[in-house]
Amino acid sequence: MMLAIKEAASDMSPYVRKTAAHAIPKLYSLDSDQKDQLIEVIEKLLADKTTLVAGSVVMAFEEVCPERIDLIHKNYRKLCNLLIDVEEWGQVVIISMLTRYARTQFLSPTQNESLLEENPEKAFYGSEEDEAKGPGSEEAAAAALPTRKPYVMDPDHRLLLRNTKPLLQSRSAAVVMAVAQLYFHLAPKAEVGVIAKALVRLLRSHSEVQYVVLQNVATMSIKRRGMFEPYLKSFYIRSTDPTQIKILKLEVLTNLANETNIPTVLREFQTYIRSMDKDFVAATIQAIGRCATNIGRVRDTCLNGLVQLLSNRDELVVAESVVVIKKLLQMQPAQHGEIIKHLAKLTDNIQVPMARASILWLIGEYCEHVPRIAPDVLRKMAKSFTAEEDIVKLQVINLAAKLYLTNSKQTKLLTQYVLSLAKYDQNYDIRDRARFTRQLIVPSEQGGALSRHAKKLFLAPKPAPVLESSFKDRDHFQLGSLSHLLNAKATGYQELPDWPEEAPDPSVRNVEVPEWTKCSNREKRKEKEKPFYSDSEGESGPTESADSDPESESESDSKSSSESGSGESSSESDNEDQDEDEEKGRSSESEQSEEEGEKKKMKKRKKVPEGQREGSSSDEGSDSSSSSSESEMTSDTEEEQVEPASWRKKTPPSGKSAPAAKEISLLDLEDFTPPSVQPLSPPTVVSTSLAADLEGLTLTDSPLVPSLLSPVSGAGRQELLHRVAGEGLAVDYTFSRQPFSGDPHMVSVHIHFSNSSDTPIKGLHVGTPKLPAGISIQEFPEIESLSPGESTTAIMGINFCDSTQAANFQLCTQTRQFYVSIQPPVGELMAPVFMSENEFKKEQGKLTGMNEITEKLTLPDASRSDHVVVQKVTATANLGRVPCGTSDEYRFAGRTLTSGSLVLLTLDARPTGAAQLTVNSEKMVIGTMLVKDVVQALTQ
Amino acid sequence: MIHSLFLINCSGDIFLEKHWKSVVSQSVCDYFFEAQEKAADVENVPPVISTPHHYLISIYRDKLFFVSVIQTEVPPLFVIEFLHRVADTFQDYFGECSEAAIKDNVVIVYELLEEMLDNGFPLATESNILKELIKPPTILRSVVNSITGSSNVGDTLPTGQLSNIPWRRAGVKYTNNEAYFDVVEEIDAIIDKSGSTVFAEIQGVIDACIKLSGMPDLSLSFMNPRLLDDVSFHPCIRFKRWESERVLSFIPPDGNFRLISYRVSSQNLVAIPVYVKHSISFKENSSCGRFDVTIGPKQNMGKTIEGVTVTVHMPKVVLNMNLTPTQGSYTFDPVTKVLTWDVGKITPQKLPSLKGLVNLQSGAPKPEENPSLNIQFKIQQLAISGLKVNRLDMYGEKYKPFKGVKYVTKAGKFQVRT
């Protein structure tokens, strides 16, 4: 099993890896001894970059090793960035995991606020001041606490909040709730508000969803009342709601009630009281009681309302009111003698034990306010004592004792009677109480000490009860969790940790290269500043995955190309020589650029000898290996492998200059003129055969190779004549993208000849071309001799007549004739033109309708940054960039060489990756083909 | 996460069970039955029940209880959402989510459940993917299957699962390419006794029925997108595009789906299209009362109000009702005490009314409260919020689709307190 999972975890297909992630918890539940090995697999899968896998592996992580928070560090940013594309179920799991993670890694965003606000909150308990407090007060208080350094949110913390926010718009209630709890637990107070709207939306959903959401809203509304206040009316209750929903809504309404909105809330409550649903009515009465205690201003109104309810026909309502009134009266008993009298009258009618008990307690407690009625009530109760419920009996004893202490003259006999009755009661609790009370209040010989204090014991002032929400302390559970709902710890519940005092080291999350797809501006900037090389190279380490992701591949390509450039693949022994090569390559390169700057015209002539010189210098080091390779050349099978090596040795200088060329173009990305300073001889890096080899290895990267190696020409070096077919003469060509000197309508093609035979090749020239109509060729001057091991370059011009038909011609040496053909990619049939944005728009306006070709595409993650897009487009087509006001749009312009018709290319790229490519051109065929090519280049 | 699922019908029979991990005994449902008994009303069964060893999370849909068994901590909404998705899938497959339909297609039900959940974690829940894996039942296919003994689980992995648009299956082909959108708006309102609006809000959805070949990329724009206050999207919608341009841009799933649901800000005044005049009174100490309700149109923007139904939950003491409607017909169920008056179309010339006597249980005290009226209605060709679709563009495919938008306004939770 373990082996199977391990193997599947490194499979090519993300679906297999996803399934492997699913298998992990299964295996773990079968055999928990394998935990360590499983954690390794999880660690590996966590590094995966596909959205398909992310959800499943985090689920496995939560089941197997939720305590290994350290595994998340490296993947934190990636998970945040991927989150929006993960399927819904995965999102929920990831978000709740990240909530826990963030609680351990970041500082509390409310630490300053909470300190400050505790005071006002206590002072204005029950008022809305805490929310209404403007920033001004905070500032003032912040000034008062100069020792505390100002809080700055960790950028990663911010990243998480920003990336989860859009998910509030998810159709899945579970996702919305997950984000809501994340915001509630992690966001600074000012930002939590955004979740209210989404949560209120969920209230339209199925009643089960409403139930869960309301539970959570109830908890939140205690802490953050202001958040839901604008939505007060959404919590109004309909008669058709199920009772459990009604009660929860009531809870929320009560929590939200404050000085300003209390009249409306109470008016609503009034309607609810007349509801047919008696449980709900009882809850409403309690809610009124809570409002009354919390908001002093309306206490009297509430009390009056409740007293009116005492005349209600329904006994349950009355009883509930009595209980609530009792609690309210305890707060300010003095003024309410009348109400107590009224209640006392009710004892005849009310049968609900709890209500009777409450009335008796009230009379006993405040017997001095109703000195006349109290003994009478006791008389009545004594009469019916035996028929009462236990709870009432206890209160009768209580009342009797209190009256005995205050008014013993009138009630002595009654008390003794009650106590006697209680002494023989069936319930031992009552018997006990009676015995205890008798000892306390009736003075006897022994118990004198206690009875002296009896009055203090019974009639001590009692604190008023606090009416609190049952949701008050629930927020120590993670919101949205099962434990929170049940208000008890469920099995497997992961405690939400408290914020750390000191922030743990944020650098643990630093992956060497920041993900640049959707990351913050800060990171983007950083990324831009980075040189190209460190960028691609840094990717390799931790993020490498089994994923066949073009990014990682291109990176390996670039590596291999740089290796080949420096001649590393030649035998290991000549390391030093390589270094020499490199130095020489560099110096020659700088020479080149200097010279090129000054004398462009001289360039062509100068180049050839330079190349020769370099070639010979490099040969010194690699003599031994080249000889060995030559000896092997006889065997056909090995030939293929040896070939690149031998080729590389022959072109190390050109190999060297290619990265240089790349650097040039990368340094000034914005002006992407095909640099005329481009070295003539070596715009290509790798020999054809190497490129061919790479193509053989992986199909996908073939268009990438040339674009990376020589951004000048999208087509890279194409083979014209293979070494074997040419009997030692290898010929390939590149499109240099320079205007052909002889005829501006011609595409200039650089032909590279290399002689790998051991005899000199003489008299190289172009033979009689057989050309399709319109296509013409400007031949290159005859090359008289090419000695063994030498290579040279010639330029020829071809007028393709704005079509991609191949130009066929013969390549002749003194002894042989080779039939060759050059087929241009459509992108090479044009030359860049420069125009302003306005001109571009004007021209584009003229070329609509039939002349406009539009294609939708989705940019892969790897090609969303500015420079990649520009690079890819310009590599594919010889176009010039047009400045553009908006950041998401790229514009390019060019003219076809032969007819000079405009080709305008617009790429409208959204940050999400969706893009729209528009090509406007009179030449519809060219337009269509160009769209195809560019789309292919961009999406790969 | 999700351990087992039990399907229970209204009479308390467990008619289907499915276990994804070890088997959990049916007796665990006793806790559920206990809670159900306590709740009296089906709607009041708590969705989450804690038992000594398990947690039961249940939903009530179409007269069925879906009871899932959980052993460890999991967000309850996660399970509830999943159960609803299961019910939706059944609905989608069998046309209805009833006991009979499930029993008829028990093989497919098990196949679906097996595919939707892997070891308790949701795997494939998109209807498009499921349909590629497991073909929905047709008469022909079930005949073929029963003869050949083959199952209707596809052998190939659905293409969509691997792509970045998992909601759409590949290789869709139609001869008629159509895209229809239904803009349905519901008015939630509470009207108080005097006829003034306590609370009113518009909740809207856009349901789409898309039958387009290939991989169309649609973008739907509105004349007045600012109206939408709070929106929730199908995963196919590009959020960034909406944020920046207020355009819905998406590659749609195949078939019927809900594109967005939205709320129109409650700050806007909601036009209430009907008014109700009512006088319901119960006489003290006599076993009868009077009932008189008249309903009429108001600000209906020239459209007729159709499908009007009034439902009243009468107090328990009501024995019978003796009414005469001027229009439509009424029924009174003496067991549930529900009065339903099916009015039909309202014409402003002749306002429909329902008048008559209410018979009460003799000797019982008169009811405290007047019952509230729940009103249903429908207005075709009108989105009450004024939302208008501007245009629908399609990219990515060459053909021209038929496009259509339909607007309907309905009453949602529309209640008149009396």
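Here goes a summary of the coordinates provided. (Residues numbered from 1 in each chain as written. Chains lettered and ligands numbered in written order. Predicted model: local features only at pLDDT ≥ 70, side-chain atom pairs only at ≥ 80, totals over all residues. Heavy atoms only, no water.)

**Thoughts on the overall build of chain A**
The helix and strand inventory of chain A stands at 43 helices and 15 strands. Looking at chain A as a whole, 55% of its 940 residues are labelled buried. For chain A, the exposed area adds up to about 40700 Å²; of that, 52% sits on carbon and sulfur atoms. (Helix = DSSP H or I, 4+ residues; strand = E, 2+ residues; numbered from the N terminus. Buried < 20%, exposed > 50% of the residue type's maximum accessible area, 1.4 Å probe, protein only. Areas by Shrake-Rupley, 256 points an atom, 1.4 Å probe, with all protein chains shown as cover.)

**Observations regarding the overall build of chain B**
Assigned secondary structure in chain B consists of eight helices and 23 strands. Looking at the 418 residues of chain B, the share that counts as buried comes to 55%.

**Section: the interface of chain B and chain A**
Listed per partner, the contact involves 75 residues of chain B and 71 residues of chain A. Carbon and sulfur atoms make up 56% of the area that chain B and chain A hide from each other, which totals about 6800 Å². If you sort the residues of chain B by the area they bury against chain A, Glu73, Leu77 and Phe121 of chain B come out on top, with a joint share of 10%. Taken together, chain B and chain A are joined by seven salt bridges. Along the contact surface separating chain B from chain A lie 30 residue pairs in polar contact (both at pLDDT 80 or more). Looking at the side of chain B that touches chain A element by element, the count peaks at eight residues for helix 2 (residues 76–94) of chain B. Its residues assigned to classes, the side of chain B that touches chain A comprises 33 nonpolar, 17 polar and 25 charged. (Contact = heavy atoms within 4.5 Å. Buried area = accessible area lost by both parts, 1.4 Å probe. Salt bridge = Lys/Arg side-chain N within 4 Å of Asp/Glu carboxyl O. Polar contact = N/O pair within 3.5 Å; in protein donor to acceptor, adjacent residues only side chain to side chain. Nonpolar A, V, L, I, M, F, W, Y, C, P; charged D, E, K, R; others polar.)

**Digging into the pairing of strand 3 (residues 747–755) of chain A**
All names here are of chain A. The element strand 3 is extensively covered by neighbouring structure, given that nine of its nine residues are classed as buried. Covered by surrounding structure in strand 3 are Val747, Val749, Ile751, Phe753 and Asn755 together with Ser748, His750, His752 and Ser754, the residues of both alternating faces. The sheet contact formed by strand 2 (residues 729–739) and strand 3 spans eight bridges and is antiparallel. If you follow Thr734 over to strand 3, its bridge partner there is His750. (Pairing = 2+ DSSP bridges.)

**Points about the sheet that holds strand 2 of chain A**
Residues and elements named next belong to chain A. A sheet is described by the order of its strands in space; here five strands give the open sequence 1-2-3-7-5, paired in antiparallel fashion. The open sheet terminates on both sides in strands that have one partner only, identified here as strand 1 (718–721) and strand 5 (776–778). In this sheet, neighbouring strand axes are inclined to one another by 35° on average, regardless of whether the strands run parallel or antiparallel. Sheet analysis places strand 1 next to strand 2, joined by three bridges and oriented antiparallel. Bridging from a neighbouring strand, Glu719 pairs with Asp732 of strand 2. (Axes fitted to C-alpha atoms, helices over the stretch in contact; angles between N-to-C directions.)

**Some remarks on the pairing of strand 13 (residues 255–264) of chain B**
All names here are of chain B. Taking burial as the measure, the 10 residues of strand 13 include seven buried ones, the bulk of the element. Pairing analysis gives nine bridges linking strand 9 (residues 197–211) to strand 13, with the strands arranged antiparallel. Bridge pairing in strand 13 places Ala208 opposite Phe257. Examined bridge by bridge, strand 11 (residues 228–233) and strand 13 share five bridges and lie antiparallel to one another. Note that in strand 13 the partner of Leu228 across the bridge is Val264.

**A short note on the pattern of salt bridges**
What the rule picks out here adds up to 38 salt bridges over all chains. With a closest N to O distance of 3.1 Å, Asp70 of chain A and Arg68 of chain A form a salt bridge. The salt bridge partner of Arg238 of chain B is Asp217 of chain B, with a shortest N-O separation of 3.0 Å. Here Arg238 of chain B is found in the loop between strand 11 and helix 8 (239–245), whereas its partner Asp217 of chain B is found in strand 10 (residues 217–222), with 21 residues between them in sequence. Since its relative accessible area comes to 6%, Asp217 of chain B is described here as buried. Where salt bridges share partners, they join Glu88 and Arg171 of chain A together with Glu81, Arg85 and Glu126 of chain B into one cluster.

**Side note on the nonpolar core**
The biggest cluster of nonpolar side chains holds 214 residues, and the ones touching the most others in it are Phe235 of chain A together with Phe66 and Phe90 of chain B. Examining the composition of this core, we find that 12 residues originate from one element, helix 11 (residues 173–186) of chain A, more than from any other. Apart from residues lying up to four places away in sequence, Phe90 of chain B is in contact with Leu7, Phe66, Gly95, Glu96, Cys97, Ile102, Val109, Leu112 and Leu113 of chain B. In terms of nonpolar packing, the next biggest core, distinct from the first, is built from 74 residues, Trp167, Ile187, Trp341 and Ile346 of chain B among them. (Core = buried A, V, L, I, M, F, W, Y, C linked by side-chain atoms within 4.5 Å.)

**Description of the packing of helix 13 (residues 194–202) of chain A against helix 14 (residues 207–223) of chain A**
Residue and element names in this part refer to chain A. Where helix 13 meets helix 14, the closest approach of the two axes is 9 Å, and the angle between their N-to-C directions is 150°. In this structure, the crossing between helix 13 and helix 14 has a hand that is left-handed. Between helix 13 and helix 14, the contacting residues are Ile195, Leu199 and Leu202 on the first element and Val209, Gln210, Val213, Val217 and Met220 on the second. When its residues are assigned to classes, the contact of helix 13 with helix 14 shows seven nonpolar, one polar and no charged. (Left-handed = near helix turned anticlockwise from the far one by under 90°.)

That is the geometry; function is a separate question.
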